[in-house]
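Structural features, examined
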Amino acid sequence: MRYLSNSDADRAAMLEAMGLGSVDDLFAPIPPELRLRDGLKVPGPLSEAEIFEFFRQASSQSAREYVSLLGAGAYHHYRPVVIDALIQRGEFLTAYTPYQAEISQGGLQAMFEFQTLIAQLTGMDIANSSLYDGSTATTEAVLMAMRLTRREQVAVARTVHPEYRQVIQTYLQHQGIHLREVPYDGTGQVDLQALDDTVNGSTAAVVVQSPNFLGLVERVPSVAEIAHRHGALLIVTVAEPLSLALVKPPSDADIVCGEAQSFGVPVAFGGPYVGFLATREQFVRQMPGRLVGQTTDTEGRRGFVLTLATREQHIRREKATSNICTSQTLMALNATIYLCLLGKKGLRMLAEHNLAKARYAAAQLTAAGGALPFSAPYFNEFVVQVPAEAEELLAALREEKILGGLELGRFYPELRSHLLVCVTEMVSRASLDRMASVYQRHCTRESPAGNVVSLSR
Amino acid sequence: MKSPTSEARPHMTRNEGLIFERSAPGKCGVELPPLDVPPVAAAGALGEEFFRPDIEDFPEVSELDVVRHFTRLSTWNYGIDTGLYPLGSCTMKYNPRLHEAVARLEGVATDHPYTPESLAQGCLRILAETMRCLAEITGMDAVSLQPAAGAQGELTGLLLIRAYLESQGSPRRYVLIPDSAHGTNPASVVMSGYEVKNLKSDARGCIDLAELSTLMTGEVAALMLTNPNTLGIFEPDIRRICEIVHAKGGLVYMDGANMNALVGIARPGEFGIDVMHLNLHKTFSAPHGGGGPGSGPVGVKSLLEPYLPVPIVEQLEDGSYTLNYDRPHSIGRVRAFYGNFGMAVRALAYILAYGPAGLRQATEDAVLNANYIKARLKGTYELPYDAPSLHECVFSDRRQAARGVRTGDIAKRLIDYGFHPYTTSFPLIVSGALMIEPTESADKAELDAFIDALLSIAQEVEENPQLVLKAPHTTRVTRLDEAAAARKPVLRWKPSSRLRDWTL
């Protein structure tokens, strides 16, 4: 087998050195009745060429020929080739958690840079060195807020990613926590009056997403004022952090968390991605996940180590801040390289392109019979009320090799016949024009704009 | 020092600051294609109250700056590609480059999680095949690939147990955990709403049947064990253990961290295990990536199947695949989308490469290698539990501690010999543990060099302990002050950091 290094002579020599006749002797502690008699029923062995062919065939049964306007928590941006050249260096790819700091300085320094970049983007003091993904980062933020406030209610905006809310629900169901959902208003932003009515002295945290699941930027200062007036913490989760290049960072929040997949990590059918969590300095000891800190060696040289490990499960066991053991270091490195390549200027320019393309798309689609039901500002994603049966329109768009967005009825019954459309730099003007002409062809209503249903709940 | 145990040479590129210290105004590492739609003034489009004029202190560097920076950083890291990485319990085996190539194929890396099912059949098939293979390898009835890592797999498994017991009338209160367990086990128990009861190991390092029988009451939801345990010892009474727990209506959870000792040899499903997790980044060779991404699939017996996280990949009669969300008893979601899909791609490629006989051969080599290390070091390092062990071996630093040298010091000295150290100070039931897991990837020559290094260090401990206590001597930095790092945490760069004159 090509991956194994021992020769038959090596095996024989080791057995002989131990005075054993057969490798089976080493498995004697396993009772014979528990040992497999037949081989496993799995395919293989296959050569490299055959395995490549297997996956090449699988990859052909995909949407790779399609232009995608799907966003909703996973964003298709261009990935500079430098990223893969660097993250595939064996020293990064095949290392583990840097417990031995002296031979892990590369990874540790890169994570210190990741922590800095995330803190800069989010307007927070500090950030950890990543969590599994946006959904679990948001859940960990909620758990952190409960530890900090010792309160047992959480108010979550209904415009937080539906799958993030489901994960929060799964984690909190046995912690004695009450989740209360806060509706959105006619602007598509969290309903401030309803929020004020929901938050009280038992509320540990208010959770909003910005831009929210409907693509709209939230009024973070107003939300913060309500949360803080009741002594609750504000958690802002960000699923499309490219927005932070143009949208004011949620500095009024106590915890800013989310998903950094947008920074050059492949959409890869949902993972691996990279969650982040940033907060104020005073909360550092209640933070979940790995933290890299700066220090010096015995000769005064700057170096980096994992720090504040007394929060973590391998030391604290059942008293740990979280059960999390690994982070998503390689994906965090991917995001770090991406952010360094784009830098201050590139990230801003890219965000401007996204913004402009989304505005262009919105204009074309409304001219072709679509309507924009919400008035709040958006970044690269928006809701459009379509002028036809949504499924029918999406099918027609697929005929044109376009994935026209996410049908929202799946998560919001009141938003059937609405699509969530995401326009990144990967979508050309020509594709958007083609999309608009399909809208035009399928327009079954005279004036959809005059037909706006009430959307607040 | 004589060959073959001579010290490693130092790294070559020592001088590289933080990326922020390379930054210069106006530089940029990318150029975008021309904008093909009319430009929009962001301040106007977003409104002044939402507009951000600048990201303060964000780096500004060229593409070459980035390539040099991260290439240099990489040379300060040690990886499996560099050499033996015998971290016990972590299974640092070879990560084939083919896996990286297939995971990056267009159509595998580029499909959006909300792609219509009819256009995502390739990705769904990969998930389904991986689930089927993992069920076969573990002897379980169903598998969920949603958990993002081992610890999340543990939490998921415990939530499944809880949901099942609730359906039987009461979730119960406690989970029993052996004192040799990994720290994630008790932390996951607490997150699932249970309380931990510790189970003391017996003199063999195994589960004490008498103690288990006493503690296993109707208030206990589950026993959570690792098999082989963290000493690498297979629980000889595993069937009996499961019977004791089942007789009181409890379930048995197996932490599959050590599955590399069993693949192709024995199946937990046949031991009486009800639920377990696997670590695709350990047994199935998904790269550890410096600490993630992992993937922690959960396998269950049919009694727990209705409670698995949504959605589940299913095959329809026409052969096509679909995602089933309609599962009323499900515990819900533990992660957005379908888990770390890319890790499933790599695990499947691994299984396909080995096939049934190869998987068994890999396990045999992993166990042979570990036992060879154990046999050759046994006279020099103390072996606190001398029971037959499988894929890893655990020594104690007791003899060296008498000279003031602890496991962590020996580990640092190993670095000078060109090896990544073993796992130090774990499991907790061994004082000053040296936990060594070579995996099947090492050959005899490499093992001999590693063993010779440890023998040589033991001699140094006798003759010149200071040499070991001050190690490593050959790395870019010497021992780092962890206490200072924790006392006054510096967790990010700030422009004022520039003022400090660092020696590099």
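Relevant structure appears above.
Since we're looking at a predicted model, the values are computed, not measured. (Residues numbered from 1 in each chain as written. Chains lettered and ligands numbered in written order. Predicted model: local features only at pLDDT ≥ 70, side-chain atom pairs only at ≥ 80, totals over all residues. Heavy atoms only, no water.)

**Focus on empty space enclosed by the protein**
Scanning the model with the defined rule gives nine cavities of 30 Å³ or more in all. There is about 200 Å³ of room inside the largest cavity. As for the largest cavity, its lining consists of 21 residues, and the residues nearest its centre are Pro266(A), Pro272(A), Met331(A), Arg104(B) and Arg346(B). Those elements that provide at least two residues to the lining of the largest cavity are helix 3 (81-87) and helix 11 (329-367) of chain A together with helix 4 (97-103) and helix 10 (341-377) of chain B. Looking at the lining of the largest cavity, the element that brings in the most residues is helix 10 of chain B, giving four residues. Partitioned by chemical class, the residues of the lining of the largest cavity number 14 nonpolar, two polar and five charged. Volume-wise, the second largest cavity comes out at about 160 Å³. Lining the second largest cavity are 21 residues, and of these Pro98(A), Gly107(A), Met111(A), Thr329(A) and Gly290(B) lie nearest its centre. (1 Å grid on protein atoms, 1.4 Å probe; cavity = no way out; pocket = protein on both sides within 12 Å on 5 of 7 lines; lining within 4 Å. Points joined across faces, edges and corners; volume = space filled by probe spheres on them. Helix = DSSP H or I, 4+ residues; strand = E, 2+ residues; numbered from the N terminus. Nonpolar A, V, L, I, M, F, W, Y, C, P; charged D, E, K, R; others polar.)

**Focus on the packing of aromatic side chains**
All told, the structure shown has 22 aromatic pairs over all chains when counted by the stated rule. Seen from their ring centres, Phe112(A) and Phe304(A) are 4.7 Å apart, and the 45° between their planes marks the pair as tilted. Of this pair, Phe112(A) sits in helix 5 (residues 105-122) while Phe304(A) sits in strand 10 (residues 302-306), placing them 192 residues apart in sequence. Relative accessible area serves as the criterion here: at 1%, Phe304(A) is assigned to the buried category. An aromatic cluster is defined as three or more aromatic residues linked by ring pairs; in this entry it consists of Tyr184(A), Phe213(A), Tyr273(A), Phe374(A), Phe411(A), Tyr412(A), Tyr114(B) and Phe337(B). The side chain of Arg2(A) reaches across the aromatic face of Tyr3(A), ending 5.0 Å from its centre. The residue whose ring lies beneath Arg359(A) is Tyr378(A), and the NZ or CZ to ring-centre distance is 3.8 Å. (Phe/Tyr/Trp six-rings, centres within 6.5 Å; stacked < 30°, edge-to-face > 60°. Buried < 20%, exposed > 50% of the residue type's maximum accessible area, 1.4 Å probe, protein only. Lys NZ or Arg CZ within 6 Å of the ring centre and 35° of its normal.)

**Quick notes on the sheet that holds strand 2 (residues 126-127) of chain A**
Residues and elements named next belong to chain A. Spatially, seven strands are ordered 2-8-7-6-5-3-4 in an open sheet, and the strand pairing comes out mixed. Edge strands, defined here as strands with exactly one partner in the open sheet, are strand 2 and strand 4 (178-182). As paired elements, strand 3 (residues 153-157) and strand 4 share five bridges and run parallel to each other. When the bridges of strand 4 are listed, alanine 157 appears paired with valine 182. Lying over the sheet, helix 6 (residues 134-149) contacts strand 3, strand 5 (203-209), strand 6 (233-238), strand 7 (255-259) and strand 8 (275-279), oriented at roughly 160° with respect to strand 7. In the packing of helix 7 (residues 162-172) onto the sheet, contacts are made with strand 3, strand 4, strand 5, strand 6 and strand 7, and the angle to strand 4 comes to roughly 160°. (Pairing = 2+ DSSP bridges. Contact = heavy atoms within 4.5 Å. Axes fitted to C-alpha atoms, helices over the stretch in contact; angles between N-to-C directions.)

**Quick notes on a nonpolar patch on the surface**
Side chains of Tyr78(A), Val81(A) and Met426(A) sit close together on the surface and give an oily, nonpolar patch of about 320 Å² of accessible area. Position of Val81(A) among the secondary structure elements: in helix 3. (Patch = residues over 30% accessible without salt bridge, like charges linked within 9 Å, V, L, I, M, F, W, Y side chains within 5 Å. Areas by Shrake-Rupley, 256 points an atom, 1.4 Å probe, with all protein chains shown as cover. Salt bridge = Lys/Arg side-chain N within 4 Å of Asp/Glu carboxyl O.)

**So, the environment of His174(A)**
Mapping His174(A) onto the fold places it in the loop between helix 7 and strand 4. Residues His174(A) and Ile315(A) lie 141 residues apart in sequence; the distance between their C-alpha atoms is 24 Å. Aside from chain neighbours lying at most four places away, what touches His174(A) is Leu159(B), Arg162(B), Glu166(B), Ser192(B) and Gly193(B). Within the local environment of His174(A), its side chain forms a polar contact with the side chain of Arg162(B), the two groups lying 3.0 Å apart. (Polar contact = N/O pair within 3.5 Å; in protein donor to acceptor, adjacent residues only side chain to side chain.)

**Focus on the packing of helix 10 of chain B against helix 13 (residues 444-463) of chain B**
Residue and element names in this part refer to chain B. It is at 10 Å that the axes of helix 10 and helix 13 come closest, and there the two elements cross at 30°. Relative to helix 13, helix 10 is oriented roughly parallel. Crossing hand, helix 10 versus helix 13: right-handed. Seen from helix 10, the contacting residues are Asn369, Tyr372, Ile373, Arg376 and Leu377; seen from helix 13, they are Lys444, Leu447, Asp448, Phe450, Ile451, Asp452, Leu454 and Leu455. (Parallel < 35°, antiparallel > 145°, perpendicular 65-115°, else oblique. Left-handed = near helix turned anticlockwise from the far one by under 90°.)

In short, shape yes, function no, at least from these values alone.
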